[in-house]
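A look at the structure
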Amino acid sequence: MNLLVVGGGGREHAMIKKLRENPEVETIYALPGNGGIAADAVCVPEIGAKDIGAIVDFAVSHGVDFAVVAPDDPLALGCVDRLHEAGIPCFGPDAKAARIEASKVFSKNLMKQYGIPTADYRVFDDPAKALAYLRGADFPIVIKADGLALGKGVLIPQNLSEAEDAVKSIMEDKVFGASGNEIVVEEFLTGPEVSVLAFTDGTAIVPMVSSMDHKRAGEGDTGLNTGGMGTIAPNPCYTPETAKICMETIFLPTLAAMRAEGCPFKGCLYFGLMLTPKGPKVIEYNCRFGDPETQVVLPLLKTDLLTVMRAVESETLGQLTVEWRSGAAACVILASGGYPGHYEKGKAITLPDTLPENVTVYHAGDALTAEGALVTSGGRVLGVTATADTLEEALRDAYAAAGTIDFEGKYLRRDIGRRALSLQS
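Notes on the structure in this doc start here. (Residues numbered from 1 in each chain as written. Predicted model: local features only at pLDDT ≥ 70, side-chain atom pairs only at ≥ 80, totals over all residues. Heavy atoms only, no water.)

**Topic: the overall build of the protein**
- Looking only at helices and strands, the protein has 13 helices and 22 strands in total.
- The dimensions of the protein, computed from C-alpha atoms along their principal axes, are 60 × 45 × 45 Å.
- Within the protein, the fraction of its 425 residues that count as buried is 55%.
- Taking as baseline every contact in the protein between residues at least 6 positions apart, the subset at least 24 positions apart corresponds to 68%.
- For the protein, the computed accessible surface area is about 17400 Å², with 50% contributed by carbon and sulfur atoms. (Helix = DSSP H or I, 4+ residues; strand = E, 2+ residues; numbered from the N terminus. Buried < 20%, exposed > 50% of the residue type's maximum accessible area, 1.4 Å probe, protein only. Contact = heavy atoms within 4.5 Å. Areas by Shrake-Rupley, 256 points an atom, 1.4 Å probe, with all protein chains shown as cover.)

**Things to note about the packing of aromatic side chains**
- Summed over all chains, the structure comprises eight aromatic pairs.
- Consider the rings of Phe199 and Phe289, whose centres lie 6.0 Å apart with planes at 75°: the pair is edge-to-face. Pair noted here: Phe199 is in strand 10 (residues 193-200) and Phe289 is in the loop between strand 17 (279-286) and helix 10 (294-297), with a separation of 90 residues, a long-range link. With respect to burial, Phe199 and Phe289 carry one shared label: buried.
- Aromatic side chains Phe271 and Tyr285 sit 5.8 Å apart centroid to centroid with 70° between the ring planes, which places their arrangement in the edge-to-face category. Residue Phe271 is found in strand 16 (residues 267-276), and its partner Tyr285 is found in strand 17; the two are separated by 14 residues along the sequence.
- On the basis of relative accessibility, which here comes to 0%, the residue Phe271 falls in the buried class.
- We classify Tyr285 as buried; its relative accessible area is 2%.
- An aromatic cluster is present here, built from Phe91, Phe199 and Phe289 joined pairwise through their rings.
- Of note, Arg99 hangs over the ring of Phe106, and the distance from its end group to the ring centre comes to 4.3 Å. (Phe/Tyr/Trp six-rings, centres within 6.5 Å; stacked < 30°, edge-to-face > 60°. Lys NZ or Arg CZ within 6 Å of the ring centre and 35° of its normal.)

**Some thoughts on helix 8 (residues 160-172)**
- Taking 1.5 Å per residue as the helical rise, helix 8 with its 13 residues ought to reach 18 Å, and the 17 Å between its terminal C-alpha atoms agrees with that figure.
- Where helix 8 is buried, its residues touch strand 6 (121-124), helix 7 (127-134), strand 7 (141-145), strand 8 (154-155) and strand 9 (183-187).
- Measuring from the backbone nitrogen of Ser161 back to the side-chain oxygen at the start of helix 8 gives 3.2 Å, which picks out Asn159 as the cap.
- Phi turns positive, to about 55°, at Lys174, one or two residues after helix 8. (Expected span 1.5 Å × (residues − 1). Polar contact = N/O pair within 3.5 Å; in protein donor to acceptor, adjacent residues only side chain to side chain.)

**Details of the pairing of strand 9**
- Of all the five residues making up strand 9, four are buried; the element is thus mostly covered by neighbouring parts of the structure.
- In this structure, strand 6 lies alongside strand 9, joined through four bridges in antiparallel fashion. Within the sheet, the bridge partner assigned to Val123 lies in strand 9 and is Val184.
- When strand 7 meets strand 9, the two strands line up antiparallel, connected through five bridges. (Pairing = 2+ DSSP bridges.)

**Remarks on the pairing of strand 19 (residues 359-363)**
- Within strand 19, four of the five residues are buried, leaving the element largely enclosed by the surrounding structure.
- One ladder, built from five bridges, connects strand 19 with strand 22 (residues 380-388); its direction is antiparallel. Paired with Thr360 across the bridge in strand 22 is Thr385.

**Let's talk about unusual backbone geometry**
- Here Phe139 and Pro140 are connected by a cis peptide whose omega angle stands at 0°.
- Position of Pro140 among the secondary structure elements: in the loop between helix 7 and strand 7.
- Following Tyr339, the chain continues to Pro340 via a peptide bond in cis, the omega torsion being 10°.
- Assignment of secondary structure puts Pro340 in the loop between strand 18 (328-335) and strand 19.
- With a phi close to 55°, Lys174 is a non-glycine residue in the positive phi region.
- Positionally, Lys174 belongs in the loop between helix 8 and strand 9.
- Look at Asp221: it is not a glycine, yet its phi comes out positive at around 55°.

**Re the environment of Ala119**
- Along the chain, the position of Ala119 falls in the loop between helix 6 (104-114) and strand 6.
- Ala119 gets classed as buried once you look at its relative accessible area, which sits at 2%.
- In this structure the C-alpha to C-alpha distance between Ala119 and Gly378, which are 259 residues apart in sequence, comes to 34 Å.
- Beyond its immediate sequence surroundings of up to four residues, Ala119 is in contact with Lys108, Glu186, Glu187, Leu189 and Val282.

**A look at the nonpolar core**
- Core analysis: the largest hydrophobic core is formed by 76 residues, its most contacted members being Leu4, Leu83, Ile100, Phe251, Phe271, Leu273 and Leu334.
- At seven residues, the largest contribution of residues to this core is made by helix 12 (residues 391-402).
- Residues Val296, Leu301, Val308 and Ala311 belong to the second largest nonpolar core, which totals 41 residues. (Core = buried A, V, L, I, M, F, W, Y, C linked by side-chain atoms within 4.5 Å.)

**Side note on the sheet that holds strand 16**
- With antiparallel pairing, the four strands of this open sheet are ordered in space as 11-10-16-17. Both edges of this open sheet fall to strand 11 (205-207) and strand 17, since each of them pairs with a single strand only. When strand polarity is set aside, the average angle formed by the axes of neighbouring strands in this sheet is 35°.
- Examined bridge by bridge, strand 16 and strand 17 share seven bridges and lie antiparallel to one another. Directly across from Met274, in strand 17, lies its bridge partner Lys281.
- Strands strand 10, strand 11, strand 16 and strand 17 of the sheet are contacted by helix 9 (residues 240-260), whose axis makes an angle of about 130° with strand 16. (Axes fitted to C-alpha atoms, helices over the stretch in contact; angles between N-to-C directions.)

Here's what the structure looks like:
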């Protein structure tokens with residue numbers, strides 16, 4: 001089989017490595033891919049993830065048997081719809097279903113209408129009305145741009161002054177473009193956060209191993225929000241009892257709601273959860289695999305990934321038994337100095353000749369020079385993942401491997417998984 005994976009980050013590299021385990025797979029094309037992915041797939045850097053027409057033309061002309069659309073933008077733009085129209089089976093939701101992430105207003109209204117637990121909220125398309133509401137609000141409070149904003153469209157003002165600045169930047173200055181035409185203002189929830197990714201064919205749902213992300217740039221969860229500085233799985237806060245509650249009150253009701261709205265969801269549905277004193281609530285939905293959650297969840301998947309994805313596409317997931325490995329996984333992100341602010345590119349990357357069998361390096365933000373040398377090209381450069389019998393061992397091995405990798409300005413958090421370890425003790 002010839003496969004095509006749309007995207008070019010650490011998440012896509014993790015998918016490609018897992019898909020390569022299937023003996024039926026002959027060639028994997030990555031559009032656009034990146035420097036490190038080129039060792040595992042045929043990269044097509046001239047075709048971007050949002051160039052839907054070129055993606056479809058490439059898939060048809062290269063005899064692609066199955067496609068995986070990984071990032072949010074091409075999903076929201078209807079890449080799956082177009083591939084299906086061209087007769088190519090693929091994994092991922094269509095544009096109507098991708099609205100569950102592409103529009104915060106849609107997802108919040110869906111939860112309200114169908115009784116899915118989430119934070120109380122209000123929607124505004126007029127900055128003056130939003131500011132009038134905020135003057136009587138409790139702080140901290142959460143303000144979200146309605147549309148996609150590269151994971152940066154969520155602000156948490158601590159007071160009215162910060163809230164006024166947030167409304168101005170999103171709705172008037174348009175720092176997120178048209179994504180800020182509407183905003184969602186919602187109550188600030190407290191409790192442990194949990195990420196749960198789930199395979200679903202629209203009716204059947206198979207939750208993956210839970211994970212814990214570390215979003216802040218600085219240790220101790222300080223500093224600016226990032227795309228994620230590291231992850232661990234499973235999340236010790238997510239007990240079997242909590243999983244049962246989430247299945248009954250959140251997961252299955254969400255699928256039923258999407259079917260009722262005429263946009264059944266097929267693909268990977270990401271549930272960002274807060275375990276509040278009043279029970280689990282949805283913080284956000286994503287219409288795809290999370291990054292870097294994928295880098296700790298897929299290494300624990302025992303069942304063949306392509307088999308699962310094809311079952312989702314054919315709507316036969318309920319007939320498949322999906323198995324997971326015991327133990328734990330940890331991913332430490334190596335970032336460019338200055339990220340998520342300004343950072344320099346083109347720094348030479350030094351990798352060890354060999355790595356322990358339980359360690360994998362996922363390439364996220366790097367490129368190959370004309371001479372074939374690997375250099376930095378993004379904020380999050382590499383993800384170093386280790387699997388082991390225990391979380392403590394996985395973290396030890398991930399950090400040890402991270403220490404053997406170097407590039408100028410390399411930055412990493414040294415406390416990934418520390419909170420999870422304290423919860424286990």
